[in-house]
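For reference, the chains in residue letters:
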Amino acid sequence: MRALKKILYFVIAVIIIFIVFNFIGSKENISNSMSKPNIANTPYSASNLYKKYTSNPIADISAKAQNIKVFSDPSVLFDEGKYHMWFSCNNGKVSQICYASSNEGINWHPYPEPVLKIGRDGSWDDYNSEVPTVIKDRNILKMWYAGYSHAKSDQYNIGYATSFDGIHWNRLAANKSP
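Residues numbered from 1 in each chain as written. Predicted model: local features only at pLDDT ≥ 70, side-chain atom pairs only at ≥ 80, totals over all residues. Heavy atoms only, no water.

Trainee: Even after reading the chapter, I still don't get the environment of Tyr99, so can you show me in this structure?
Mentor: Examined against the element boundaries, Tyr99 turns out to sit in strand 3 (residues 95-102). What makes Tyr99 buried here is its relative accessible area of 8%. Separated by 17 residues in sequence, Tyr99 and Leu116 place their C-alpha atoms 9.1 Å apart. Apart from residues lying up to four places away in sequence, Tyr99 is in contact with His84, Met85, Trp86, Phe87, His109, Pro110, Tyr111, Val115, Gly166 and Ile167. Here the side chain of Tyr99 touches His84 through a polar contact of 2.6 Å, side chain to side chain. (Helix = DSSP H or I, 4+ residues; strand = E, 2+ residues; numbered from the N terminus. Buried < 20%, exposed > 50% of the residue type's maximum accessible area, 1.4 Å probe, protein only. Contact = heavy atoms within 4.5 Å. Polar contact = N/O pair within 3.5 Å; in protein donor to acceptor, adjacent residues only side chain to side chain.)

Trainee: Hey, could you run me through the layout of surface pockets in this one?
Mentor: Over the atoms rolls a probe the size of a water molecule, and in doing so it shows where empty space is left. Within this model, the largest pocket holds a volume of roughly 230 Å³. Lining the largest pocket are 10 residues, with Arg120, Ser123, Trp124, Asp125 and Arg171 sitting closest to its centre. Split by residue class, the lining of the largest pocket holds five nonpolar, two polar and three charged. (1 Å grid on protein atoms, 1.4 Å probe; cavity = no way out; pocket = protein on both sides within 12 Å on 5 of 7 lines; lining within 4 Å. Points joined across faces, edges and corners; volume = space filled by probe spheres on them. Nonpolar A, V, L, I, M, F, W, Y, C, P; charged D, E, K, R; others polar.)

Trainee: Which parts of the structure should I look at to understand the pattern of salt bridges?
Mentor: Side chains that carry opposite charge are capable of pairing whenever their charged atoms lie near each other. Across all of its chains, the model carries six salt bridges by this definition. Among the salt bridges present, the one from Asp79 reaches Lys136, with a minimum N-O distance of 2.7 Å. Of this pair, Asp79 sits in strand 1 (residues 70-79) while Lys136 sits in strand 5 (residues 128-137), and the two are 57 residues apart along the sequence. Given the relative accessible area of 27%, Lys136 is considered partly exposed. Ionic pairing is found between Lys142 and Asp137, a salt bridge with its closest N-O pair at 2.7 Å. (Salt bridge = Lys/Arg side-chain N within 4 Å of Asp/Glu carboxyl O.)

Trainee: What's the story with the environment of Ile118 in this structure? I'm lost.
Mentor: By the secondary structure assignment, Ile118 is in the loop between strand 4 (109-110) and strand 5. Residue Ile118 is classed as partly exposed on the basis of its relative accessible area of 27%. Through-space distance from the C-alpha of Ile118 to that of Tyr148 is 8.9 Å; in sequence the pair is 30 residues apart. Not counting chain neighbours up to four residues away, the residues in contact with Ile118 comprise Val94, Ser95, Gln96, Asp125, Asp126, Tyr127, Asn128, Ser129 and Arg171.

Trainee: Explain the environment of Asn67 to me, please; I cannot follow it from the model alone.
Mentor: Note that Asn67 resides in the loop between helix 4 (61-64) and strand 1. Distance in space between the C-alpha atoms of Asn67 and Asn91 is 5.3 Å, their sequence separation being 24 residues. Setting aside chain neighbours within four positions, we find Asn67 in contact with Asn90 and Asn91.

Trainee: Looking at this structure, how should I read the confidence of the model for the protein chain?
Mentor: Should the pLDDT be low somewhere, the predicted coordinates at that spot are not to be read in detail. Chain-level statistics for the protein chain give a pLDDT mean of 77 and a share of 66% at 70 or above. The secondary-structure element of the protein chain with the lowest mean pLDDT is helix 2 (residues 27-35), recorded at 41, while strand 5 shows the highest, at 96. In the model, residues 23-42 has pLDDT below 50 throughout and makes nine contacts with residues more than four positions away in sequence or in other chains. (pLDDT = per-residue confidence, 0-100.)

Trainee: I would appreciate a short explanation of the pairing of strand 3 in the present structure.
Mentor: The side chains of a regular strand alternate, residue by residue, between the two faces of the sheet. The element strand 3 is extensively covered by neighbouring structure, given that eight of its eight residues are classed as buried. Residues of strand 3 alternate between two faces, with Ser95, Ile97, Tyr99 and Ser101 on one and Gln96, Cys98, Ala100 and Ser102 on the opposite face, all of them buried. As paired strands, strand 2 (residues 82-90) and strand 3 are joined by eight bridges and run antiparallel to one another. Bridging across to strand 3, Tyr83 finds its partner in Ser102. Pairing geometry for strand 3 and strand 4, over two bridges, is antiparallel. Paired with Ala100 across the bridge in strand 4 is Pro110. (Pairing = 2+ DSSP bridges.)

Shown next, in the form of structure tokens:
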């Protein structure tokens, strides 16, 4: 019991030291930060970092793509000098995941059809596949998305798919995990 108490005190001390040095900083950092101007009063404040684009909306995908009545939930990735956007698109019946690309992030060129369609009949995502989040990990694009089936669970679940080109996606089998 005494040995366990000593180990517990040691672990608590290590955690406190970690917090002090990683979140509060050393004495030198604290004194330097007190003499620095408040960033909120500089040209680098949050209100000056981002400016709303005056020609919004920038993406009128529904005017450019066939059978898209509603689009939303964009996930944008800048990779190899180009912007890539995956987004929820709805044709009036079901939501699926569509794709568009842009050289400058303003003028978007949609792919002619959804890149991640709803799942097969009876699957957990046979009614909707939507709300994508895409990252690039080494050379693999990884997407997490919401799926829905009236017949299966009548609730949303999270799915996972991978791609090498952003157009052709492979869903993870239901009994696997990434």
